[in-house]
Each structure stands twice: as structure tokens, then as C-alpha cells.
Amino acid sequence: MGRSPRKDLLAGLTVAIVALPLALGFGISSGAGAEAGLATAVVAGALAAVFGGSNLQVSGPTGAMTVVLVPIVHRYGSSGVLAVGLLAGVILVALALARAGRWMAYVPVPVVEGFTVGIAAVIGLQQVPGALGVRTPGGDNPAVVAAEAVADFAAHPHMAALALAAGVATVMLLGVRRRPGIPFSLLAVIAATAVAQLAHLPVATIGHLPAGLPAPSLSFLHASAVPALLPSALAVAALAALESLMSATAADAMSVSERHDSDRELFGQGLANLVAPLFGGVAATGAIARTAVNVRSGAASRLSALVHAAVLAVIVFAAAPLVAGIPLAALAGVLIATAVRMVEVGSLRALARTGRGEAAVMLVTAATTLAFDLVTAVVVGLLVSGALALRSVAKAARLEQVPLHADLPPADHHEEEQALLADHIAAYRIDGPLLFAAAHRFLLELTESAEVKVAILRMSRVSAIDASGATVLGDAITKLQRRGTLVLVSGIREEHHRPLDALGILDGLRAEGHVFATTPDAIAYARTHLHGHIGPVGRPSAAVTTAGVSS
């Protein structure tokens, strides 16, 4: 942290200015209160900076986590949210010790983009009551809650809150395009607060904030409630792991030489989530927006994230009365603008152009986020992505009948010989993975092939084979043999013997000497076999005398 302290101090101050309205807004939006958002930013931000796996990551309350916490608040109350955060911290530490960080890298891009869009939509819908200045209706579904809020506003319209929210959002969205280095979110909130107080606008404000963090306490945790809270804790931990590692990866991409440690990052986030609830904080994750501001402001080490937490702590202890006068509508405007900025239209268009499958995964994930929750959305997105990937695998596997002349000795390339062999011998080359997704199509194609006396299965280009593919291969061989076709197999790769041998697929062929190392050996054997059934078909190759069983 001593490499570039001046750069880190400036970057930390800049991030704190950006993080203040977000911490307040996400705390209120989660249902735990503005003070919970600030406590999370201070405690979790400092601990994750010290113990996490990224030098440039900034952690705190985020919109994605808010989406998960709102239903928990409705179901279990604020004490339930604190307990869930602590349990999630335990799970994250366990994941770190199990070295599970590397698995988070396998989440497909369409799933990430889809739940980002879904998160943005949910955050925006959650702000509708605050932006309209009406009470927040009960319910877990954000679309239903927003619709009821609009109905309440239509029945008793008052424009003050709506004007403040729209003004703050507009200043942020327009300002960031022209001068991205200026903290327009804080400036807009300060201006909205001043206007509301000078004009005595009838809008709700944050209200009283305690001047400081509460003393550590475990009074919210009851052992009897742990089983009921565990599913919610698993969802919070999964989201915290995913979002934090995504944010750390984004920080690496924006920097020159930084590379985060995934398992250490999980440990740092777990420790942060273990301690933050003791001070009244909610669950925290690495924050992509704040991390990006940190990197772009010239941060060089963890000192910048620590400075960010320290500045917010000073605000908590010294400026609580000033913060208490901020209108809720202004914070709603901040979060609406944040939600809009989360959606990168260019990335979505590029992803949609890559194919209908990727677009479908993105849309399904986003829709599931709105209808259910983020963890369900990620699971559904992974399942759909997996199904589409298997479909692509099935298409990649091909069965092609190939000519024999390429594998015949040069002396046998006269037309009569080739025609006679082609009438009675068929060579089939299997390309690509022979997995369960493609195996049944392979069986259908092979068993519907033309009637021949000898079928040579060339397997040198099979890239992978599983138990299902091996079983289907055995079924195809059996069906061909029942039709009186001699089946020969050539070119089996060393790594494919295990599944075939485990199921005994080639035991019968190997015992009869019908498994060959190369295709020319198999053709030579087939010619000798045909010599005894249809008469001479050319002088047998000398390879016949040496062709044997290859393992």
C-alpha cells in the first residue's frame, strides 16, 4: 500500500463520494434502513479490502443483493436479514476453504448478462414507490408492487417527489456522458436536498440516523431459526460469491497487471459478511460500479478501498444530521439512474447477434429474475445454457461414409477393384464427441445405412466418448451383426478404451480379431473375408498376415 499513497487517497475519496448515496439508497431499498447501508459500506468495505483476493475491489451493499434481501425482510424482519448475512458469511468462508472460487468462472456470459438485466429491472421497479412519494405496498414481486404504487399515485397525485427523482436521475445520466469523472450522484442529491428544504416540499426524508456504529451484538441470532434461514443464506452466499468474483474479474480486465485470487476473495467476502451484521449491516458483495470508479480514479492498492471505508465512517460519526435530511425520492432517482447504467445496450446487441440461443438464455434469465429470484434465475440460465450446449455437441458429432481408395495401396487403385470393394465394404468415419446428446442420432444413421457385407467403423476422430455413447455404439454393432454385416473397428484412441472396456462393448469383436489399429489393416482383413464369400477381389494385401488385435 506504500507504492502510490497519493493516488490511492484520491481514488478512495472519489469512491466514497460515489458510494455514499448508493449505500444510503441500497440500505433503504433493502428494508433494513439507511444506517444499515452505511454500516455495511464501512465494516464490510474495510474487511474485504484487507482480507479479500483483489487489490482493487471495493465492497459494500449492492443492488443485486438488495433484490435478494427484500423478500427476506418481508418474511423474517430486520433481525432475519442480519442472521442471514452472518450465515452467508460462514458459507462463503467454507467455500473459500474448499477452494470453490475457480468454479465461478464457468458461468456463461449470456447468464451473467441476463441476470444483470433482471437485476437492473428489479432495482428500477423497487424505486417506483419512493420516486412517486407513495407508501410501499406489501408483496415480494417488484412488478406487482410497482403497479400498485402507480395506482396509488394516480388516485392521489403529487408531483414533488416525482420531480426530485426525475431531476436526480436526469442529472446523473446526462452528466456521466459528458464528464464521467465528476460525482454527479452526490451533487444531484445535495441539490435535491437543498431544493426540498428551501422550498419546504412535502417529501419524506431519511430521518434520524445514529451518530456512529452500534456496539457489536449477536442478539439477532437465534439457534432455533437457523434451519428456516439456511435456504435464504445459501442464496445470499451464492450471489455474493458470483457478484464478487465477477467484479474482481472486471477489475483485472481494467488494470494492466492485476490478477485476483478467487479463493482469497471468497474468504474476504465471507469474513466481511460475518462481521458486518454484528454492527447492524446487511449482506455485502464486491461492487462492480464502485470498483470501476476505483480503478479509473488511479487506485494502485488496497489502500484506496480502506480510504473509501474510512471516509464513510467519518460521515457516519460526524455528518449524520446532514444525511438525515436527504429526500427518499432523491435516493430513488440515484438508484433508477444506476439501474439504467447497469444495462449496456451495445453488449446486449452484440450478444444477440451471436445467435438465437445466447439471446434466449439472456431473456430467460432476465425474466426468471423478475418472476422469482436471482439464484433461481442463475440456475435456470445454467440449465438452458447446458441444454443448448448439448444440442451444439449433438450437431457437432457426424457420421460420414468415406471412400476406401485413400486407404488402399497404390497398386489397387484400378477402377474395377474399387467398384467391387465399394459394393461390399462401407467405411464410416465418426467425427466429434460421441456423447449421450449425439449417440441416438448416430445409432439411427448407422443402422439405416446401405446393406453391405462389411462395415468398418473408423474412430480415430472421435474426440470424446461417455457411457451412453459407448452403449449406443454397442447397440449399433449388435444390430449390424444381426443383419449379417461383418463389423470391423479401427483407430480407437488410447483414452477411449476405458469406457468401452468398462462396458464390454468390444469384447466380442476383440475376441474375433475384428479390432484394428489402422484402417488399411481393417480393409485388408475385409478383402480376405470377401475372398471366401464372393470370389477374388484382387490380390490380398500382405498386411492381412500381420493384422491383429490392437488394444
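That block above? That's the structure.
In this report, the structure presented in the accompanying data block is examined. Computed from a predicted model, the values in this text were never measured in an experiment. (Residues numbered from 1 in each chain as written. Predicted model: local features only at pLDDT ≥ 70, side-chain atom pairs only at ≥ 80, totals over all residues. Heavy atoms only, no water.)

Thoughts on the nonpolar core
Consideration 1: In this structure, Leu24, Leu69, Ile206, Val236, Leu312 and Leu374 are the most contacted members of the largest nonpolar core, which totals 86 residues.
Consideration 2: Ranked by residue count, the leading element in this core is helix H3 (residues 63-97), at 17 residues.
Consideration 3: Sequence-distant contacts of Leu69, defined by excluding residues within four places in its chain, comprise Ser30, Val81, Val236, Val282 and Ala283.
Consideration 4: Core analysis: the next-biggest nonpolar cluster, separate from the first, contains 25 residues, Tyr428, Ile430, Leu434 and Ile492 among them. (Core = buried A, V, L, I, M, F, W, Y, C linked by side-chain atoms within 4.5 Å. Buried < 20%, exposed > 50% of the residue type's maximum accessible area, 1.4 Å probe, protein only. Helix = DSSP H or I, 4+ residues; strand = E, 2+ residues; numbered from the N terminus. Contact = heavy atoms within 4.5 Å.)

A few points about the packing of helix H1 (residues 5-30) against helix H14 (residues 328-342)
Consideration 1: Packing of H1 against H14 leaves a shortest axis separation of 9 Å and a crossing angle of 100°. By the criterion of interaxial angle, the relationship of H1 to H14 is roughly perpendicular. Residues Pro21, Leu22, Leu24, Gly25, Phe26, Ile28 and Ser29 of H1 form the contact with H14, whose own contacting residues are Leu328, Leu331, Val334, Leu335 and Thr338.
Consideration 2: In the contact of H1 with H14, the residues fall into nine nonpolar, three polar and no charged. (Axes fitted to C-alpha atoms, helices over the stretch in contact; angles between N-to-C directions. Parallel < 35°, antiparallel > 145°, perpendicular 65-115°, else oblique. Nonpolar A, V, L, I, M, F, W, Y, C, P; charged D, E, K, R; others polar.)

Details of the side chain of His514
Consideration 1: Assignment of secondary structure puts His514 in the loop between helix H22 (507-511) and strand S8 (515-516).
Consideration 2: With a relative accessible area of 8%, His514 lands in the buried category.
Consideration 3: A distance of 3.2 Å separates polar atoms of two side chains, one belonging to His514 and the other to Glu512.
Consideration 4: Contacts of His514, omitting those with residues within four sequence positions, involve Leu486, Val487, Leu488, Val489, Leu509 and Tyr525. (Polar contact = N/O pair within 3.5 Å; in protein donor to acceptor, adjacent residues only side chain to side chain.)

Concerning the packing of aromatic side chains
Consideration 1: On inspection of all chains with the given rule, the structure shows one aromatic pair.
Consideration 2: Relative to Tyr525, the ring of Phe516 has its centre 5.4 Å away and its plane inclined at 50°; by these criteria the two rings are tilted.
Consideration 3: With relative accessibility at 2%, the residue Phe516 sits in the buried group.
Consideration 4: Judged by its relative accessible area of 27%, Tyr525 is partly exposed. (Phe/Tyr/Trp six-rings, centres within 6.5 Å; stacked < 30°, edge-to-face > 60°.)

Side note on a nonpolar patch on the surface
Consideration 1: On the surface, Val50, Phe51 and Phe267 cluster together to form a nonpolar patch covering roughly 220 Å² of accessible area.
Consideration 2: Turning to its location among the elements, Phe267 is positioned in helix H10 (residues 262-275).
Consideration 3: With a relative accessible area of 31%, Phe267 lands in the partly exposed category. (Patch = residues over 30% accessible without salt bridge, like charges linked within 9 Å, V, L, I, M, F, W, Y side chains within 5 Å. Areas by Shrake-Rupley, 256 points an atom, 1.4 Å probe, with all protein chains shown as cover. Salt bridge = Lys/Arg side-chain N within 4 Å of Asp/Glu carboxyl O.)

Looking at the layout of surface pockets
Consideration 1: The computed volume of the second largest pocket comes to approximately 910 Å³.
Consideration 2: With nine residues, the single largest contributor to the lining of the second largest pocket is H3.
Consideration 3: Per-class residue counts for the lining of the second largest pocket are 31 nonpolar, 16 polar and three charged. (1 Å grid on protein atoms, 1.4 Å probe; cavity = no way out; pocket = protein on both sides within 12 Å on 5 of 7 lines; lining within 4 Å. Points joined across faces, edges and corners; volume = space filled by probe spheres on them.)

Description of the pattern of salt bridges
Consideration 1: The tally for this structure, following the rule as stated, stands at seven salt bridges.
Consideration 2: The shortest N-O distance in the salt bridge between Asp263 and Arg99 comes to 3.7 Å. Separated by 164 residues along the polypeptide, Asp263 in helix H10 and Arg99 in the loop between H3 and helix H4 (109-126) bring together distant segments of the chain.
Consideration 3: Judged by relative accessible area, which is 12%, Asp263 ranks as buried.
Consideration 4: Salt-bridge contacts for Asp431 lead to Arg429; the nearest nitrogen and oxygen are separated by 3.4 Å.
Consideration 5: One salt-bridge network, in which partners are shared between bridges, spans Arg398, Glu400, Arg429 and Asp431.

Details of the environment of Pro227
Consideration 1: Within the secondary structure, Pro227 is located in helix H9 (residues 226-254).
Consideration 2: Taking the C-alpha atoms as reference, Pro227 lies 37 Å from Ala324; in sequence the two are 97 residues apart.

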